[in-house]
Amino acid sequence: MMHAMTRRQRGAAAIGLACAMAMFAGVPATAHAATAGGSPAGAGDPYFPLAGNQGYDVAHYDLDLDFTPATHVLNGQATISAEAKKDLTRFNLDYSGPAISRITVDGRDATYSQDGQELTVVPAKRLKSGHDFTVKVWYGGVPVTIDDPTLGIYGWIYTDDGAVGLNEPDGARNWYPVNDDIGDKATYTFRITTPNGVNALANGEQQGPPCVNGDRTTVTWNERKPMSSYLSMVAIGKFDVTNGRIGNLANVTAVDPTSDGDGAVLQSTTAEAIAWEQQKFGRYPFDSAGGIVDKSGVEYALETQGRPVYDGMPDTDTIVHENAHQWFGDAVTPKTWRDIWLNEGFATYVEWMWDEEHGGPTAQSVFDKYYAKPAGDKFWKLKTGDPGRDEIFSGSAVYYRGAMTLHQLRTTMGDRDFFTLLRTWTEKYRYRNVETKDLLDLAQSISHKNLKPLFDAWLYTEGKPAIP
Ligand code: TRP
Ligand code: ZN
């Protein structure tokens, strides 16, 4: 251990200069003629039609982010490695962050224009179908946090001593240019520079010790497993960091010292929840785990990949919920936002399962409590499998009725088949995108039962379903 640490530290000192050179020196301020748009924007999501783009696949985002808490200025350099899926004379990215000063494609200056969240890039040379290309975008300024009347506060969020990037559902564009298609998973590098003494965390694993250059510090995090953009995260500010383990898995927890967070409890409850979930759902899908307590003010927790972010110290059920999402939502991700119940119904049901095995009420009794609501109650109004754009976080329709759907599936299939379904689902579709039909097909093939009527009644029909 010591030996490895010493080697890494020496390595970091030797690359100190390279680290400095990767920063923002010499970004040319080039003027660009705007180009008319017209390429197809949007990847076809029914609720977020502008999100994502067609014609290419992103493999990796390399994000150089320089943030100053005192001024809120974020300077970024995003390097996006992608493959063209057809011949492209132009392509779109989603972007609504600070002003862009330059874009290159494969090292050559490109022209570009912006219209709402659509950033249209016209490379100097046509991109050929099947070929890889690299887009670099330089930008800087003060991001304007997204505050949506129904989806809440998300995107780039300022805290007392820093900022946090929380993107669900379509907030990544608030702080970096992105193909914001929930189905276009990619790996990420975050290279975050802050004033000395300010920490920066992100998804994945920290690469070596922080690199100090004058009065600024740069730390690099790598997410090596495929990640949907809505799960990408950075957290900047003062944090007390605990490096623990869950078996062989690193457990990196961090607490804002001015919050009500208890670092020891966050570390141990996270470990306990994940150890239990690994027994139920199979091995943890990412290369490290953890959690971050900040004072974001968003009033929700988010299942950011490998390391959820909590707004204040969470209770045990919330830790169980956000870590359940690592299997249900993060590793196995819906193809479109219409299927959000595949995230929230599962994570809520895992809470019920946890409570049942830890001295709380049985899942059946929680089900019964909600099922007691009269047929006329607005609880039953929305379709769980198609709640609508403004209701993707609906407690009743998506979280509770979603969990109730799974409980009905469990009682219909029987415990043995149901738990086989959960394990097979996470294993078969790990790092991929799914739709409800995939769950139905798998459940039917495991149970040899016709489950279509159950899915139709619980997910796609308004009103209180009858129990056969
Ligand atoms: N996905 C989060 C969770 O349940 C919740 C969430 C994200 C949310 N954004 C929100 C809830 C906005 C309400 C409003 O783990
Ligand atoms: Zn959730």
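Residues numbered from 1 in each chain as written. Chains lettered and ligands numbered in written order. Predicted model: local features only at pLDDT ≥ 70, side-chain atom pairs only at ≥ 80, totals over all residues. Heavy atoms only, no water.

Participant: Hey, could you run me through the overall build of the protein in this one?
Facilitator: Helices and strands together make up the secondary structure of the protein, namely ten helices and 23 strands. Relative to the 2.2 N^0.38 estimate, which gives 23 Å for 468 residues, the radius of gyration of the protein is 23 Å and therefore close to what a compact globule would have. Along the first, second and third principal axes, the C-alpha atoms of the protein reach 70 × 55 × 35 Å. A buried classification covers 56% of the 468 residues belonging to the protein. Across the protein, contacts joining residues at least 24 apart in sequence account for 69% of those joining residues at least 6 apart. For the protein, the computed accessible surface area is about 18500 Å², with 52% contributed by carbon and sulfur atoms. Here the protein carries 43 positive and 59 negative side-chain charges, and the mean point of each set is 7 Å from the other. (Helix = DSSP H or I, 4+ residues; strand = E, 2+ residues; numbered from the N terminus. Rg over C-alpha atoms; globule rule 2.2 N^0.38 Å. Buried < 20%, exposed > 50% of the residue type's maximum accessible area, 1.4 Å probe, protein only. Contact = heavy atoms within 4.5 Å. Areas by Shrake-Rupley, 256 points an atom, 1.4 Å probe, with all protein chains shown as cover. Lys, Arg positive; Asp, Glu negative; His and termini not counted. Charge placed at Lys NZ, Arg CZ, Asp CG, Glu CD.)

Participant: Hey, could you run me through the nonpolar core in this one?
Facilitator: Across soluble globular proteins, nonpolar side chains show a tendency to be buried alongside one another. Formed by 131 residues in total, the largest nonpolar core has its most connected members in Phe91, Phe190 and Trp425. Broken down by element, the residue count for this core peaks at nine residues, all from helix H5 (residues 341-357). Once residues lying within four places of it in the same chain are set aside, the contact partners of Trp425 are Phe328, Val332, Leu342, Phe346, Arg430, Val434, Glu435, Asp438, Leu439 and Leu442. (Core = buried A, V, L, I, M, F, W, Y, C linked by side-chain atoms within 4.5 Å.)

Participant: Looking at this model, I keep getting lost on the domain arrangement of the protein. Mind explaining?
Facilitator: A common way to state how big an interface is: give the accessible area lost once the parts meet. Domain annotation for the protein reports domain 1 (2-238), domain 2 (243-326) and domain 3 (332-459). Residue-level contacts link 16 residues of domain 1 with 20 residues of domain 3. Buried surface at the junction of domain 1 and domain 3, summed over both partners, amounts to about 1700 Å²; 60% is from carbon and sulfur atoms. Ranking the residues of domain 1 by area buried against domain 3 places Tyr47, Ile182 and Lys185 at the top, with a combined share of 38%. Note that Arg389 is salt-bridged to Asp148, the shortest N-O span being 3.0 Å. The interface formed by domain 1 and domain 3 contains ten residue pairs in polar contact (both at pLDDT 80 or more). Taken together, the residues of the side of domain 1 that touches domain 3 sort by class into eight nonpolar, three polar and five charged. (Domains from an automatic or database assignment. Buried area = accessible area lost by both parts, 1.4 Å probe. Salt bridge = Lys/Arg side-chain N within 4 Å of Asp/Glu carboxyl O. Polar contact = N/O pair within 3.5 Å; in protein donor to acceptor, adjacent residues only side chain to side chain. Nonpolar A, V, L, I, M, F, W, Y, C, P; charged D, E, K, R; others polar.)

Participant: Would you mind going over the side chain of Asp161 with me for this structure?
Facilitator: Relative to the assigned elements, Asp161 resides in the loop between strand S10 (152-159) and strand S11 (162-166). Despite being buried, Asp161 has no salt bridge partner; Lys238 is the closest side chain of opposite charge, sitting 5.6 Å away. A distance of 3.0 Å separates the side chain of Asp161 from the backbone nitrogen of Lys238, its partner in a polar contact. Not counting residues up to four positions away in its chain, the partners in contact with Asp161 are Pro69, Val198, Ile236, Gly237, Lys238 and Asp256.

Participant: How do you make sense of the packing of aromatic side chains when you look at a structure like this?
Facilitator: Two numbers describe a pair of aromatic rings. These are the distance of the centres and the angle of the planes. Evaluation of the coordinates by the stated rule reveals 37 aromatic pairs. Seen in terms of ring centroids, Phe67 and Trp156 are 5.4 Å apart; in terms of plane orientation they differ by 70 degrees. Their pairing is edge-to-face. Residue Phe67 is located in strand S1 (residues 56-68), and its partner Trp156 is located in strand S10; the two are separated by 89 residues in the primary sequence. In terms of burial, Phe67 and Trp156 fall into one category: buried. On the basis of an interplanar angle of 85 degrees and a centroid distance of 5.2 Å, the ring pair of Trp276 and Trp354 is categorised as edge-to-face. Of this pair, Trp276 sits in helix H3 (residues 263-281) while Trp354 sits in helix H5, and the two are 78 residues apart along the sequence. An identical accessibility class is assigned to Trp276 and Trp354; each is buried. Put simply, the rings of Trp276, Phe281, Tyr284, Phe286, Trp327, Phe328, Trp341, Phe346, Trp354, Trp425, Tyr429 and Tyr431 touch in pairs and so form one group of aromatic residues. Positioned above the aromatic ring of Trp138, the side-chain terminus of Arg102 is 4.8 Å from the ring centre. For Lys280, the ring lying beneath its charged end belongs to Phe419, and the centroid distance is 6.0 Å. (Phe/Tyr/Trp six-rings, centres within 6.5 Å; stacked < 30°, edge-to-face > 60°. Lys NZ or Arg CZ within 6 Å of the ring centre and 35° of its normal.)

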